[in-house]
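Descriptive analysis of the structure
The lines below spell out each chain.
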Amino acid sequence: MQFVPYLNFDGNAAEAMAFYAELFGGRIMYQSTFGEMPPDSGMPPLPESVKSRLMHVHLQVGAQSIMASDTMPEMPGQADGACAGGYRKPQGLWVSIQVDNAAEGQRVFDGLARGGQVAMPFQATFWSTGFGMVTDRFGTPWMVNVPSAA
């Protein structure tokens, strides 16, 4: 079993996932826009403004994956939280990254912090040689952690 984070963005999923691929040393395995979806008779026509948004993207980093999509903008008649209910900022969660050592942790943390908001600077703690919390410029909250040797 593997847990795979699925991130949502408000029109900048392609930029965010390309950034993560570079920072984490991963590779985009699949990427498709809403405009590339095959037609379906039960689906209303898509506004031109959403056709370039990503419907799905899969980033592979070693044996791990991160997946994502852009949300559809709010559309009349759609319930909150529905597929076309508009973007909601992540809350109540952090994506946690375990790295091998403090130097790698600092590198990853600094990359995520550029243009983002630091909640806790990357530093040694009583449980780790390096831990920090940051929300990146795309709005994704991350925890970067070096596991203890014990």
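**With respect to the sheet that holds strand E6 (residues 117–123)**
Read from one edge of the open sheet, four strands run E5-E8-E7-E6, paired in mixed fashion. The two strands at the open ends of the sheet, each matched to only one other strand, are strand E5 (95–98) and E6. Shown here is a sheet whose adjacent strand axes are inclined to one another by a mean of 20°, direction ignored. On the sheet, helix H2 (residues 102–113) packs against E5, E6, strand E7 (131–135) and strand E8 (141–145) and is oriented at approximately 165° with respect to E6.

**What about the layout of surface pockets?**
Quantified by volume, the largest pocket comes out at close to 450 Å³. Lining the largest pocket are 18 residues, and of these Val61, Gln64, Ser96, Ile97 and Gln98 lie nearest its centre. Looking at which element gives the most residues to the lining of the largest pocket, the answer is E5, with four residues. Of the residues that constitute the lining of the largest pocket, the class distribution is 11 nonpolar, four polar and three charged.

**Here we look at the sheet that holds strand E4 (residues 64–70)**
Within the open sheet, the four strands sit side by side as E1-E4-E3-E2. Their pairing is mixed. Two strands lie at the open edges of the sheet, namely strand E1 (6–9) and strand E2 (27–33), each paired on one side alone. Geometrically, the sheet is characterised by an average inter-axis angle of 15° between neighbouring strands, direction not taken into account. When E1 meets E4, the two strands line up parallel, connected through four bridges. Counted as the bridge partner of phenylalanine 9 is aspartate 70 from E4.

**Structural notes on the environment of serine 128**
Tracing the sequence through the fold places serine 128 in the loop between E6 and E7. Each C-alpha atom, one on serine 128 and one on glycine 35, is 45 Å from the other, the two residues being 93 residues apart in sequence. With residues up to four places along the chain from it excluded, the contact list for serine 128 reads Asn145 and Val146. Only 2.7 Å separates the side chain of serine 128 from the backbone oxygen of glycine 130, close enough to count as a polar contact.

**What about H2?**
Here H2 is 12 residues long and its end C-alpha atoms lie 16 Å apart, about the 16 Å a rise of 1.5 Å per residue gives. Residues of H2 that are buried: Gly105, Val108, Phe109, Gly111, Leu112 and Ala113. Those residues of H2 hidden inside the fold are in contact with helix H1 (13–24), E5, E6, E7 and E8. One side-chain oxygen at the N-terminal end of H2 lies 3.2 Å from the backbone nitrogen of alanine 103; it belongs to asparagine 101. Looking at the residues trailing H2, positive phi occurs at glycine 115, about 80°.

**Looking at the side chain of serine 32**
Counting through the fold element by element, serine 32 comes out in strand E2. The buried category is assigned to serine 32, whose relative accessible area is 7%. Beyond its immediate sequence surroundings of up to four residues, serine 32 is in contact with Arg53, Leu54, Met55 and His56.

About the thresholds
- Residues numbered from 1 in each chain as written.
- Predicted model: local features only at pLDDT ≥ 70, side-chain atom pairs only at ≥ 80, totals over all residues.
- Heavy atoms only, no water.
- Pairing = 2+ DSSP bridges.
- Helix = DSSP H or I, 4+ residues; strand = E, 2+ residues; numbered from the N terminus.
- Axes fitted to C-alpha atoms, helices over the stretch in contact; angles between N-to-C directions.
- Contact = heavy atoms within 4.5 Å.
- 1 Å grid on protein atoms, 1.4 Å probe; cavity = no way out; pocket = protein on both sides within 12 Å on 5 of 7 lines; lining within 4 Å.
- Points joined across faces, edges and corners; volume = space filled by probe spheres on them.
- Nonpolar A, V, L, I, M, F, W, Y, C, P; charged D, E, K, R; others polar.
- Polar contact = N/O pair within 3.5 Å; in protein donor to acceptor, adjacent residues only side chain to side chain.
- Expected span 1.5 Å × (residues − 1).
- Buried < 20%, exposed > 50% of the residue type's maximum accessible area, 1.4 Å probe, protein only.

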